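Observations on the three-dimensional arrangement
The residues making up each chain are set out below.
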Amino acid sequence: MTGDRSEEKGTAMKLARIVAAGVAIALTLSACGGGGGGGEPAASSAGGLEKTQLLVGVVPVPSSAPLFIAEKRGFFKEEGLTVKTEIIQAPQAVMPKIANGSMDAFLTSYVSLMAINDSGAAKLKLFQHSQEAAPNVAGVVVAKGSPIKSAADLKGKNIAVNVLAALGETLTNAHLQEAGLKPDDVKYIAVPFADQLAALSSGKVDAAWLVEPFLTAAKKAGGTQIIDTTSGVTAGVPIDGWGVSEAWLAKNPKTAAAFHRALAKAQQIAGADRKAIDEVVPTYTQIPADAAAAMTLGTFSMEADRAGVQKLADLLHGYGFLKNKVDAAQLFAPQGG
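What counts and what doesn't
- Residues numbered from 1 in each chain as written.
- Predicted model: local features only at pLDDT ≥ 70, side-chain atom pairs only at ≥ 80, totals over all residues.
- Heavy atoms only, no water.
- Helix = DSSP H or I, 4+ residues; strand = E, 2+ residues; numbered from the N terminus.
- Buried < 20%, exposed > 50% of the residue type's maximum accessible area, 1.4 Å probe, protein only.
- Areas by Shrake-Rupley, 256 points an atom, 1.4 Å probe, with all protein chains shown as cover.
- Core = buried A, V, L, I, M, F, W, Y, C linked by side-chain atoms within 4.5 Å.
- Contact = heavy atoms within 4.5 Å.
- Pairing = 2+ DSSP bridges.
- Salt bridge = Lys/Arg side-chain N within 4 Å of Asp/Glu carboxyl O.
- Axes fitted to C-alpha atoms, helices over the stretch in contact; angles between N-to-C directions.
- Parallel < 35°, antiparallel > 145°, perpendicular 65-115°, else oblique.
- Nonpolar A, V, L, I, M, F, W, Y, C, P; charged D, E, K, R; others polar.

When its secondary structure is counted, the protein chain shows 13 helices and 10 strands. In the protein chain, which comprises 337 residues, the proportion classed as buried is 55%. Element-wise, carbon and sulfur atoms account for 55% of the exposed surface of the protein chain, whose accessible area totals about 14,400 Å².

Take the nonpolar core next. If you look at the biggest cluster of nonpolar residues, it comprises 107 residues, and the most contacted ones within it are Leu-67, Phe-76, Met-114, Leu-154, Trp-209, Leu-210 and Phe-259. If you tally residues by element for this core, the top one is helix α10 (residues 253–272), at 8 residues. Among all residues touching Phe-259, those that are not within four sequence positions of it are Leu-54, Val-56, Leu-67, Phe-76, Leu-81, Val-83, Ala-105, Phe-127 and Trp-248.

The subject of this paragraph is the pairing of strand β9 (residues 224–228). Counting buried positions along β9 gives 4 out of 5 residues, so the element sits mostly inside the fold. Summarising the sheet, strand β5 (residues 138–142) and β9 pair through 4 bridges and their orientation is antiparallel. Each residue of the ladder has a partner; that of Val-142, found in β9, is Thr-224.

Here we take up the pattern of salt bridges. Enumeration over the complete set of coordinates arrives at 8 salt bridges. For the salt bridge of Lys-51 with Asp-104, the shortest nitrogen-to-oxygen distance reads 2.7 Å. In this pair, Lys-51 sits in the loop between α1 (2–33) and β1 (53–58) while Asp-104 sits in the loop between α4 (95–100) and β3 (105–109), placing the two residues 53 residues apart along the sequence. The pair formed by Lys-51 and Asp-104 is uniform in burial state, with each residue classed as buried.

The next subject is the pairing of β3. For β3, the buried fraction is high: 5 of the 5 residues fall into the buried class. Burial along β3 is two-sided: Ala-105, Leu-107 and Ser-109 facing one way and Phe-106 and Thr-108 facing the other are all buried. Sheet analysis places β3 next to strand β10 (residues 238–245), joined by 4 bridges and oriented antiparallel. Bridge pairing in β10 links Ser-109 to Asp-240.

Here we take up the packing of helix α2 (residues 65–72) against α10. One way to put it is that α2 packs onto α10 with a least axis distance of 8 Å and a crossing angle of 105°. Judged on the interaxial angle alone, α10 and α2 are roughly perpendicular. Contacts from Pro-66, Leu-67, Ile-69 and Ala-70 in α2 reach Phe-259, Ala-262, Leu-263, Ala-266, Gln-267, Ile-269 and Ala-270 in α10. Residues of the contact of α2 with α10, tallied by class, amount to 10 nonpolar, 1 polar and no charged.

An order of β2-β1-β3-β10-β4 is seen for the 5 strands of this open sheet, with the pairing classed as mixed. Strands with a single pairing partner mark the edges of an open sheet, and in this sheet they are β2 (82–87) and β4 (124–132). Averaged over all adjacent pairs, the angle separating strand axes in this sheet is 25°, with direction ignored. Where β4 lies against β10, 7 bridges are found, and the strand directions are antiparallel. In the strand pairing of β10, Leu-124 is matched with Ser-245.

Everything listed here is a matter of geometry and, on its own, says nothing about what the molecule does.
Take a look at the structure:
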C-alpha cells in the first residue's frame, strides 16, 4: 500500500508539473509576442473603426477557444482588426489595464464580472457569451483511497478552490446544501489549479474543486470525483464569456461591432464543431492534442440563458459573495455591441 501511495503521489505531482509548465510556457509566449495593442491612438480605417489593434486577455482554458478560432480563420482580419493576446489568470488582476485602456477585452467568468461590478472597481458588460456548464466540466475530487465518498462526507473537511468566494465555492455550496450540510461545515482553501493535485496527494487538502483540463488530469492520476458541480442543482450554469468596460463600448462603437461580429462567427463554429476547438486549444494552453481531445467541454452557445445567469447571481448574493442584488439583464452589452 505504501508503494502504491508513493507511485500515486509521484504520478499526481508529475501531472501537476506538466500542467503548470504548460501555463508557464503560455505566459512566456504571451510575454514575447503579446505586445500591447490597447495604446494605439484613435485613427480612421477603411471601415471607419475607432481603433484596429486590440489587446485581449485570455485564460488558458477551453472557453478561450472561440477567439483563437476567429484568429485562425481570418475573421478578425476580415473586419480590419489585429488582435493580440495576453495570458491572464484572473480578471481582477487586469482591471488597471482595462481602466487605462491598455487592454480592450478579456475572458471572464460570470462570477468575476459580477464581483468586479459589485466592488465598484469597474463597470463591465458581458460582450459575448462563451460557455455554459455541461455534466462533468467541473467537480470535487478526492485522492485515490480517500474515505470521503460523497458530499455528506465532506463535513469538517478542507476543500481547495482556485479563488475564494467565487464560482468553485458557489457551485460546491449548492451541492453541500442539497446533501444536508451548511457552507460553513467545510473550510475552503485557495490553491491554484496547477497545484491542487499535489495538495491532494500530500494531504494538504481533503478534496479539490477542479475544472478542465485539471479535472481530467486528476482522474488520470487516480483521483475520484465525488461531486459533479455542473449537474443536478447547478446544471447548465453559465460559466464565462468576453468582458469589456462600459467606457470602452461607448468610445469604440464601430470597433466593438466589428470585434463582436468576428467573435460571434467563431462562437457559432465552436458550438457546432468540436474539432475546431481541439485544433486551437493546444496553441494557447500547451495542452497536448490528445489531452485536449479527451477533455469534457461545456456548451458553446451563442447566448447565455438569462434565467441561469440570474440564478447564479442570486446564489452569489445569498452566500454573501455580492453585497448588492444583481439584475442579470443589466450585465449584457447591447445586441450588436
